[in-house]
Structure formats: C-alpha cells, structure tokens
Amino acid sequence: MSVLVYTESENGVFKKASLEVASYAKGIADMMGTSVTAVAVNGGDTAPLGTYGVDKVLNIKDAKLDAFNAAAYAKGIAAAAKAEGAQVVVLTQSANAKYLAPLLAVALEAGYASNVVSLPESASPFTVKRTAFTNKAFSHTEISTEIKIVGLGQNAYGLKEASGAAATEDFSPELGDFGVEVQSVDKATDKVSIADAEVVVSAGRGLKGPENWGMIEEMADILGAATACSKPVSDLGWRPHGEHVGQTGKPVASNLYIAIGISGAIQHLAGINSSKVKVVINNDPEAPFFKAADYGIVGDAFEVVPELNEKLRAFKAANS
Amino acid sequence: MKILVCISHVPDTTSKINFTDGDTKFDTNGVQFVINPNDEFGLTRAMWFKEKQGASVDVINVGGPETEPTLRKALAIGADTAIRVNVEAKDGFQVAKELAKVVQDGGYDLVIAGRESIDYNGGMVPGMLAGLTGANFVNTCISLDVDGTAVTATREIDGGKETVKTSLPLVIGGQKGLVEESDLRIPNMRGIMMARKKPLSVVEPSGAGTETNAVSFEKPAPKGAVKLVETVDELIDLLHNEAKAI
Ligand SMILES: Cc1cc2nc3c(=O)[nH]c(=O)nc-3n(C[C@H](O)[C@H](O)[C@H](O)COP(=O)(O)OP(=O)(O)OC[C@H]3O[C@@H](n4cnc5c(N)ncnc54)[C@H](O)[C@@H]3O)c2cc1C
C-alpha cells in the first residue's frame, strides 16, 4: 500500500511542480494512513523530495530516458506502482505528464482524473474536484477503480514541507518498445516557460506591433516572468505560437498574470482562470478583462508600462 | 492510408455553462454544439491527406443521436463516411474503449483525435485509445507528415517543440498548428448537399463501463469586483502588501 508520485526533473533537478505533487501525495497518504513513494527518472539529488513528504524514491536511471518518451515512462511508472502496491498515483499536468497519464491508466486499468484542484473530498468513495468546461465550472468526480490516477493542476495545492528524509533506491523496470523517437528539441533554455512560471506577463493586439514588445520583455525580466500573448498576436506572427494563451493555446496557472492590451475574450479567459492574481492594463474601461481581474489600471499601455517597469525595478532593488 | 478522425460534439465556447437536476447534469438548453476546435484542425489535416495522398477519411463520435448534426458537418467538410457509436459518453475510458473496437475492426492506419475536448478537458481519449490498440502515440501534435508507414511529427512541449519519428499505426492528439487556421474549412452548399447522401452508420456499443463518474458540478464563486487604481505606485503597493504576489 502506498501513494505513488511521479516527480519530473530537468537536468537532475526536481521541478517546483514535482515538489507540489509530492506535497499533495503526502496529503493523500495522511488521509489514507499510508506512505509516499516517488518515481524519478534520472533524478539527481533526491533530498528535496524528502522535505516535501516523500518516504522513498525509486530512481530509474537510464540514458535512453534522457529524451522523454511517453510509452517507456508510462511502463516504468506502472512497474513502480505494481511493485509498491500503489492505490493512488499522482502526476503534475505538465505537457509530458498529460502525455503519459492516459497510457499509464491503460497499463494499470486505473481511472484517471485530470486537472484536479484539491485533496480528495473523501477517500472512499474516492472523490476529487476538478475543473471542467475550460475552467468555467468544477466537477466532483468519483474514481471507482482499485488504482486511482490523479493529475494535479499547477499551483492548485502549493508546497507543504514535512519533516522527513527519502530513502533512494535504483529501480530498473522493463521499458519495452519506445515506438516514438525524438529527433530534435527546439526549446529556449534561458527563458522561463509558461508552464513553470510564477509570474506571466502577457500582451495583446493593443500593443500594435511586434516592435513594441521590448517593454513587455523588460517587465518579464524584472519579475522573473514568462512572456505570453493573445491568439491574434501569435496568428499575426508578432510572437511565437508557444506563447499563445487560452482555450486553443496554453493554460496558465501562475500566481500573477499581468494582461496588457488584451480585451479578455472568453476564449482567452478560459486559459487563465486558474491564475491567482490577475492585473489588467487596458485603455478601454469597458474591456471585458476588467470583470475577470483583481486589479486594473485604465490607461494607455505605452504610458503605463514604461513607468511601471521603472518603479518595479526600483521596488525589486529595494526588496531583494 | 485509412484515417479515422474522432469528433467530439461540444458546447460552443461562448456558451453559458449551467447545470440541472441538482447540479448533476449539464444544461443543454440554448447551447449550440460544434465540432471540438482541436478536432477541427485534425479533420482539416486529414482532408489534406485525402486530397494529396489519396487517403480515405472516416469520422466517428461516441454519443447519442443528438450528435449527428456535428457528424454531418464533418461530412460536409469532406469526410467520406461517419460512424456514431450509439451510447452516451460518460468518461474518457469508456469512449476510448468504444473507439478502440471500431479502430481494430476497421483496420485504421492513422487515428486523429484532439488533444482535449473543451467540455471536460480530460485529455485522456487519444492516449487511452493508443494504449488500448497498441498503436504509437504522439500528443499535442502540431505537424504531421506520413510517407508510406514512416511518420515525422512535431509536438508542442513546455517551453518549445520537438520533432519525433514514428510509424503507423499511429494515434495523435492534435491541436492548433496541425494546419493554418486560414485553411480551416467551412462547409459550403455543395458539401452540405453531398453530406446528406454520405453514409452515417450507427453501431451499437460494446458495452464498456466507466471508471470515473462526474457526481456533481459546481460553478466558481462569483468574483469580487476589480480594484481600479490610478497610479502604478498604488498597484505595486497592492500587489506587494495585499495580494502578496510580488
Ligand atoms: C474557437 C476560438 C478559439 C479561440 N481561442 C483563443 C485563445 O486560445 N486565446 C486567445 O487569446 N484568443 C482566442 N480566440 C480569440 C478571441 O476570441 C479574441 O479574438 C482574442 O483573445 C482577442 O485578442 P486581443 O485581446 O489581443 O485583441 P483585441 O480584441 O484586438 O483587443 C485588444 C485590446 O487592447 C486594448 N488596447 C488597444 N490599444 C491599447 C493601448 N494603447 N493601451 C492599452 N490597451 C490598449 C483594447 O482596448 C482591447 O481591449 C479564440 C476564438 C475562437 C473563435
């Protein structure tokens, strides 16, 4: 019996989202009176996992797994779940976790609930709350299989420290046929990705043209934020497609979302509803985004943003 | 190449979301249903394979008779035949199992599904279908080329994209990027007339059960009003002291 959590790392370092799912797995384990085992793939220092409630780490070390492969990763995690007699398996909602989770569900004949936002409401029946209708509602979903898979939305639970140390073991499951082979990866390594970002600075068609994005990047730089945009902006080629946020783009679940010159169409809002604090800068007081925002400034982006950047820089210098 | 495109019948994005029966059922009153946006990109890519490489394109939906207009629309866009598995879709696993049976019986080489549907946003069906049929699987697919049985695909990853090689049989979870948005097709009169004559077969379900069950729904608590500020100093102060966001 245990709760199993799949913890993702990059270059051996565990991601913040992994520490969050570890915290969450510990929460479930406490509810069920059991322990937490983490599966890591080529994980480095596993001590941080212990700090967030993991009792044991199964580290799958295999150079073939340096490039992510959903089928092989799912096989490895399924083998770990069986070895540990896991009742619940917890994953993040990163692109890779969302890719492998349904394969894992088939391998374990387990029901899978994605986009979960809180601890189970009850352990038996096992019921979780998840977002539905592109964040316009929640569904209380019961998972009826013996093994349950939960995909926890980014920043939905937060980090909870627990005193403990994780014992680490090497684990070498049979990985089977890879089926899909990575040829090349095209990723900006020096930039915060939207999925991992605590703060996202996003701009829309109100910025008039790609040449005006300097002030947006500057704000992102000051705040350690990722940059994002509305759909027309990426359609017009002003910004790369990977930055487009919304129903047909990326979801954002950051702590702070700053929207500049974005109208707040329903399809855009669908992608940002799970962000905590929303700030809107728009020259149109009637822009629908103000209805979804926590804080707003009605004003011209070309006046507000440079001044905001200057003052944020001073604020950061004084508070770091 | 024999292609099956999975079509999810979903409420149009601008629909108001309400529930009935003590918040246990989605209220379809006044809701317009459309082809799931992610599936529309996939269907258009399938049409390209049909026109340029001579593929056949069938579309499928697991659902009740009310989804037939959505399937007819896919036929009007150019699919050859449509299949409806006659059972109410209750969870991803059940849908994937019903689809798997059709895929296996029909001997499809390529199955194009959307990375997620915009109703329950599960993101489960394509991967489960691949797992159940033993096909290769590429998720969040933004470009797809097939040469014989060899496949090159690009998929979106967090912070970038990656290019992969794989082979048929294949299931993809597709999304925006698979084709240009300007290439998405709107059914024209001729397509609509032809769609009426195209076969839409109704097959009875294999009876796959569900593994999850949406017990009830809830709408988010109404949000407090926005705090409008006049100066950036005020904004910084609120973000720091009140929201604790910087
Ligand atoms: C099926 C479907 C899916 C879609 N998916 C998405 C999606 O995933 N993401 C998405 O973003 N959109 C999506 N859309 C498009 C969406 O409906 C809107 O068209 C889009 O979000 C508008 O982008 P925008 O706010 O940048 O541009 P606009 O609508 O042009 O708004 C620009 C805003 O900038 C303000 N502005 C102008 N000048 C200034 C200035 N100097 N200073 C300050 N403010 C200024 C204006 O007042 C306006 O509010 C989708 C649409 C459909 C039909």
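Per-chain numbering applies: the sequence of each chain, read as written, is numbered from 1 onward. Throughout, the order in which chains and ligands are written sets their labels, letters from A for the former and numbers from 1 for the latter. Per-residue local features of the predicted model are confined to residues with pLDDT of at least 70, and side-chain atom pairs are confined, for both listing and counting, to 80 or more; whole-chain, interface and lining totals are unaffected and use all residues. The side-chain values count all of the structure's non-hydrogen atoms but skip hydrogen atoms and water molecules.

The next subject is the overall build of chain A. Here a helix means four or more residues in a row that DSSP labels H or I, a strand means two or more in a row labelled E, and each is numbered from the N terminus. Helix and strand counts for chain A stand at 9 helices and 18 strands. In this description the radius of gyration comes from C-alpha coordinates, and the expected globular size is given by 2.2 Å times residues to the power 0.38. In summary, chain A has a C-alpha radius of gyration of 21 Å against a globular reference of 20 Å for 320 residues, a match within 12%. To sort residues, take the accessible area from a 1.4 Å probe on protein chains only and compare it with the maximum for the residue type: under 20% means buried, over 50% means exposed, and anything in between is partly exposed. Here chain A, with 320 residues, has 58% of them falling under the buried criterion. Residue pairs at least 24 apart in sequence account for 64% of intrachain contacts in chain A once pairs closer than 6 positions are excluded. Only the protein chains shown count as cover for residues, with accessible areas throughout obtained via the Shrake-Rupley method and a probe of 1.4 Å. For chain A, the accessible surface area stands at approximately 12100 Å², while carbon and sulfur atoms represent 50% of it. Here a residue-residue contact requires only that any non-hydrogen atoms of the pair lie within 4.5 Å.

Looking now at the interface of chain A and chain B. Across the boundary between the two partners, chain A contributes 78 residues, which contact 69 residues of chain B. The buried area of a pairing is the accessible area, by a 1.4 Å probe, that goes missing from both parts when the two are put together, added over both. Together, the buried faces of chain A and chain B total about 6300 Å²; carbon and sulfur atoms form 59% of this surface. Counting the surface chain A buries against chain B, the share from its top three residues, Tyr99, Phe133 and Tyr295 of chain A, is 13%. Criterion for a salt bridge: a side-chain nitrogen of Lys or Arg within 4 Å of a carboxyl oxygen of Asp or Glu. In this assembly, chain A and chain B are joined by 6 salt bridges. We note a salt bridge from Asp233 of chain B to Lys311 of chain A, for which the minimum N-O separation is 3.2 Å. Contacts described as polar in this section are N or O atom pairs within 3.5 Å, which, within protein, must combine one atom able to donate a hydrogen with one able to accept it, while residues neighboring in sequence count only if both atoms come from side chains. Summed over the shared surface of chain A and chain B, the number is 37 residue pairs in polar contact (both at pLDDT 80 or more).

So, about the sheet that holds strand E8 (residues 110-114) of chain B. Two strands pair if DSSP finds at least two bridges between them. One open sheet holds the 10 strands; their spatial order is E13(A)-E11(B)-E10(B)-E9(B)-E12(B)-E8(B)-E1(B)-E6(B)-E7(B)-E13(B), and the pairing between them is mixed. Edge strands, defined here as strands with exactly one partner in the open sheet, are strand E13 (181-187) of chain A together with strand E13 (200-203) of chain B. Going across the sheet, the axis of each strand differs from the next one's by a mean of 30°, ignoring polarity. Pairing of strand E1 (residues 2-6) of chain B with E8 of chain B, which is carried by 3 bridges, proceeds in the parallel orientation. Pairing of Ile3 of chain B across the sheet is with Leu110 of chain B, part of E8 of chain B. Between N-to-C directions, angles span 0 to 180 degrees; the directions come from axes that are lines fitted to C-alpha atoms, helices contributing only their stretch in contact. Across the sheet, helix H3 (residues 92-106) of chain B lies against E1, strand E6 (56-62), strand E7 (81-85) and E8 of chain B, angled at about 150° from E6 of chain B, the strand it touches most. Against the sheet, helix H4 (residues 125-133) of chain B touches E1, E8, strand E9 (136-147) and strand E12 (170-174) of chain B, its axis set at about 175° to E12 of chain B.

Let us now look at the packing of aromatic side chains. By convention here, two paired aromatic rings are described through the distance between centres and the angle between planes. We call Phe, Tyr and Trp rings a pair once their centres come within 6.5 Å, taking the six-membered ring for Trp, and we label the pair stacked below 30 degrees between planes, edge-to-face above 60, and tilted otherwise. On inspection of all chains with the given rule, the structure shows 14 aromatic pairs over all chains. Of the aromatic side chains, those joined through ring pairs into one cluster are Tyr6, Phe68, Tyr73 and Tyr99 of chain A together with Phe137 of chain B. The rule is short: NZ of Lys or CZ of Arg within 6 Å of the ring centre and within 35 degrees of the ring normal puts a charge over the ring. Positioned over the ring face of Tyr108 of chain B is Lys2 of chain B, at 4.6 Å from the centre of the ring. Against the face of Phe49 of chain B rests Arg45 of chain B, its NZ or CZ located 4.9 Å from the ring centre.

Residues and elements named next belong to chain A. The local shell around the ligand holds 26 residues, among which Ser230, Val245, Ser263, Gln267 and His268 are the closest. Separating a nitrogen atom of the ligand from a backbone N or O atom of Val245 is a distance of 2.7 Å. Contact with the protein chains hides 77% of the accessible area of the ligand, taken as 980 Å² for the molecule alone. The residue inventory of the shell around the ligand, partitioned by class, reads 6 nonpolar, 15 polar and 5 charged. Here a residue is considered near a molecule or strand provided that any single heavy atom belonging to it is located within 4 Å of it. Residues are sorted three ways: Asp, Glu, Lys and Arg are charged, Ala, Val, Leu, Ile, Met, Phe, Trp, Tyr, Cys and Pro are nonpolar, and all the rest, Gly among them, are polar.

Attention now goes to the nonpolar core. The biggest cluster of nonpolar side chains holds 93 residues, and the ones touching the most others in it are Val89, Leu100 and Leu104 of chain A together with Leu144 of chain B. The set of buried Ala, Val, Leu, Ile, Met, Phe, Trp, Tyr and Cys residues whose side-chain atoms join them within 4.5 Å is what this entry labels a nonpolar core. Judged by nonpolar contacts, the second largest core, of 37 residues, contains Ile216 and Cys229 of chain A together with Leu239 and Ile246 of chain B.

Residues and elements named next belong to chain A. For the coordinates displayed, the defined rule picks out 28 salt bridges over all chains. Across the salt bridge formed by Lys231 and Asp235, the nearest N and O atoms sit 3.1 Å from each other. One end of the pair, Lys231, and the other, Asp235, are both in helix H6 (residues 231-235), 4 residues apart, so they sit about a helical turn from each other. A residue is classified by how much of its surface remains accessible, and Asp235, at 38% relative accessible area, is partly exposed. Residues joined in a network through salt bridges with shared partners are Glu10, Lys15, Lys187 and Asp196.

Looking now at the environment of Val279 of chain A. Assignment of secondary structure puts Val279 of chain A in strand E17 (residues 277-282). Separated by 234 residues in the primary sequence, Val279 of chain A and Asp45 of chain A place their C-alpha atoms 37 Å from one another. With sequence-adjacent residues up to four places away left out, Val279 of chain A is seen in contact with Leu256, Tyr257, Ile258, Ala259 and Tyr295 of chain A together with Leu235 and Leu239 of chain B.

All right, on to the sheet that holds strand E15 (residues 227-228) of chain B then. The strand order across the open sheet formed by 6 strands is E15(A)-E14(A)-E16(A)-E17(A)-E18(A)-E15(B), and the pairing between neighbours is parallel. For this open sheet the edge positions go to strand E15 (226-229) of chain A together with E15 of chain B, each flanked by a neighbour on one side alone. The sheet contact formed by strand E14 (residues 199-203) of chain A and strand E16 (residues 256-260) of chain A spans 5 bridges and is parallel. Bridging from a neighbouring strand, Val199 of chain A pairs with Leu256 of chain A of E16 of chain A. Relative to E14 of chain A, helix H5 (residues 214-223) of chain A is tilted by about 175°, and along the sheet it contacts E14, E15 and E16 of chain A.

Another aspect to go through is H3 of chain B. How far a helix is expected to stretch is found by multiplying one less than its residue total by 1.5 Å. Look at H3 of chain B: 21 Å from first C-alpha to last across 15 residues, which is about the 21 Å you get at 1.5 Å a residue. Of the positions making up H3 of chain B, those classed as buried are Gly92, Phe93, Gln94, Val95, Ala96, Glu98, Leu99, Ala100, Val102 and Val103 of chain B. Along its buried surface, H3 of chain B packs onto helix H4 (95-108) of chain A together with E1, E6, E7, E8 and H4 of chain B. Note on H3 of chain B: the residue one or two positions beyond its end, Gly107 of chain B, has a positive phi of about 60°.

Residue and element names in this part refer to chain A. Most of strand E6 (residues 86-91) is tucked away, with 5 of its 6 residues classed as buried. Sheet topology note: the strand E1 (residues 2-7)/E6 ladder contains 4 bridges and is parallel. Bridging from a neighbouring strand, Leu4 pairs with Val89 of E6. Relative to strand E11 (residues 148-152), E6 runs parallel, the two being bridged by 4 bridges. Its bridge partner lying in E11, Leu91 is registered against Gly151.

With that settled, the discussion passes to the confidence of the model for chain B. Looking at chain B, pLDDT values average 96 and 100% of them are 70 or higher. Interface scoring of the predicted complex returns ipTM 0.96; its pTM is 0.94. Here pLDDT means the predictor's own confidence in every residue, given as a number from 0 to 100.

Here we take up a nonpolar patch on the surface. Residue and element names in this part refer to chain B. The grouping of Met189, Ile192 and Met193 at the surface amounts to a nonpolar patch, some 270 Å² of accessible area in total. Here Met189 is to be found in helix H5 (residues 189-197). Of the residues examined, Met189 reaches a relative accessible area of 55% and is grouped as exposed. Patch membership requires more than 30% relative accessible area and the absence of a salt bridge. Residues of like charge join within 9 Å; the nonpolar side chains Val, Leu, Ile, Met, Phe, Trp and Tyr join within 5 Å.

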